[in-house]
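One-letter residues, chain by chain:
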Amino acid sequence: MNWLAFESYFRLGFFASGLLVFWLAGLLFSFRSRAQVDTSRWFHNTVLTLFNSLLMRVLLPISLVALADQVSESKLGLMNWLGLGQVPNLLLSLVLLDCVIYFQHIVFHKVPWLWRLHRVHHSDIGFDTTTALRFHPIEIGLSLVVKAFVIVALGVSPAAIVVFEVLLNFSAMFNHANFSLPKSFENFLKVLIVTPDMHRIHHSVRQPETDSNFGFCLSVWDRLFQTFTARSALDLQADNIGLAEFRTAKDQQVHKLLMQPFQALSPKSSKSDSV
Ligand SMILES: [Zn+2]
């Protein structure tokens, strides 16, 4: 049961340091200038993040780590049946969970009512570390259900789920950061890991680009399943980030973000037209 006491500090430490480092680096080495985006987004994105964290604490009957703990004690799931040790369980869990999250991301883009939830993340007209945290609480809840199902089906260990959650969170804050790495280093990193330049294309207003580069942590899935876009047709330093239908400062306010999935859109501003 040690994990349960330890994991929240571990996660909080990585979360706070990642947020600080990647947000500050985005300020110091800005890819898009601050003048270009409404910085009040930082306030609204942060309030939404705090609201979601509190909501999940209140609503969740059990944390993913506690679930994984029960699963491993009861020897449930494929990897426990196969008798895999801690290290193979950890490595396999990280790769498989990342793959599941990649496909989950595609489903959130393709199914209209799920897109309504996910577009809260995409309607950010800026692209920085605070964007990485901006999700509708129902999307977070659904994603937790998917992860819980994977934990039970595969027998993901408590250690693996802690490491995966930290990695996913950390890489999301990194690949949404408002900086561009030196080209040669970026090209090297991009072979395995999703970089800010690669993920920024996923936030382009141009719909075929939004429907590509779905990976969060490993970049291999986009290459393997041919959803990879190497470069944008648009200038992403200019005002070409976000969604065509949500571009005012009012659209970025936290109460608007919470209500956004329930907002009817004119047929003209549906996703297929938002090029
Ligand atoms: Zn997306």
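One structure accompanies this document, and this report is about it. (Residues numbered from 1 in each chain as written. Predicted model: local features only at pLDDT ≥ 70, side-chain atom pairs only at ≥ 80, totals over all residues. Heavy atoms only, no water.)

**With respect to the packing of helix 6 (residues 112–122) against helix 7 (residues 137–154)**
How two helices sit against one another is set out by the angle between their axes and by the gap between those axes. Between helix 6 and helix 7, whose axes approach to 8 Å, the crossing angle comes to 115°. Every residue of helix 7 that contacts helix 6 at W113, L114, L117 and H118 is listed here: I138, E139 and L142. Partitioned by chemical class, the residues of the contact of helix 6 with helix 7 number five nonpolar, one polar and one charged. (Axes fitted to C-alpha atoms, helices over the stretch in contact; angles between N-to-C directions. Helix = DSSP H or I, 4+ residues; strand = E, 2+ residues; numbered from the N terminus. Contact = heavy atoms within 4.5 Å. Nonpolar A, V, L, I, M, F, W, Y, C, P; charged D, E, K, R; others polar.)

**So, the environment of H118**
In this fold, H118 is placed in helix 6. The spatial distance from the C-alpha of H118 to the C-alpha of C217 is 18 Å, given a sequence separation of 99 residues. What H118 contacts, discounting residues up to four positions off in sequence, is H105, F108, H109, F135, E139 and H202. For H118, the side chain forms a polar contact with the side chain of H105, separated by 3.1 Å. (Polar contact = N/O pair within 3.5 Å; in protein donor to acceptor, adjacent residues only side chain to side chain.)

**Section: the packing of aromatic side chains**
Within the structure shown, the criterion is met by nine aromatic pairs. Centre to centre, the rings of Y102 and F225 are 5.8 Å apart; their planes meet at 25°, and the pair counts as stacked. Of this pair, Y102 sits in helix 5 (residues 86–110) while F225 sits in the loop between helix 12 (220–224) and helix 13 (254–259), and the two are 123 residues apart along the sequence. Here a set of aromatic residues connected by ring pairs shows up, and it is made of F14, F22, F170, F174 and F179. Against the face of F31 rests R200, its NZ or CZ located 3.8 Å from the ring centre. Positioned above the aromatic ring of F228, the side-chain terminus of R223 is 4.3 Å from the ring centre. (Phe/Tyr/Trp six-rings, centres within 6.5 Å; stacked < 30°, edge-to-face > 60°. Lys NZ or Arg CZ within 6 Å of the ring centre and 35° of its normal.)

**Here we look at the coordination of the zinc ion**
Distances from the zinc ion to its protein donors, H105 (NE2), H109 (NE2), H118 (NE2), H122 (NE2) and H202 (NE2), fall within 2.1 to 2.3 Å. Ordering the donors of the zinc ion by residue number gives the pattern H-x3-H-x8-H-x3-H-x79-H. With H105 and H109 both in helix 5, this residue pair falls four residues apart, about one helical turn. (Donors = N, O, S within 2.8 Å, 3.2 Å for Na, K, Ca; no water.)

**As for the nonpolar core**
Formed by 33 residues in total, the largest nonpolar core has its most connected members in I151, V156, I161 and F179. Elements that contribute at least two residues to this core include exactly helix 1 (2–28), helix 3 (64–73), helix 5, helix 7 and helix 8 (158–175). The dominant element in this core, judged by the number of residues it contributes, is helix 8, at eight residues. In contact with I151, other than residues within four places in its own chain, are L64, L67, A68, V71, V156 and I161. C99, Y102, L218 and W221 belong to the second largest nonpolar core, which has six residues in total. (Core = buried A, V, L, I, M, F, W, Y, C linked by side-chain atoms within 4.5 Å. Buried < 20%, exposed > 50% of the residue type's maximum accessible area, 1.4 Å probe, protein only.)

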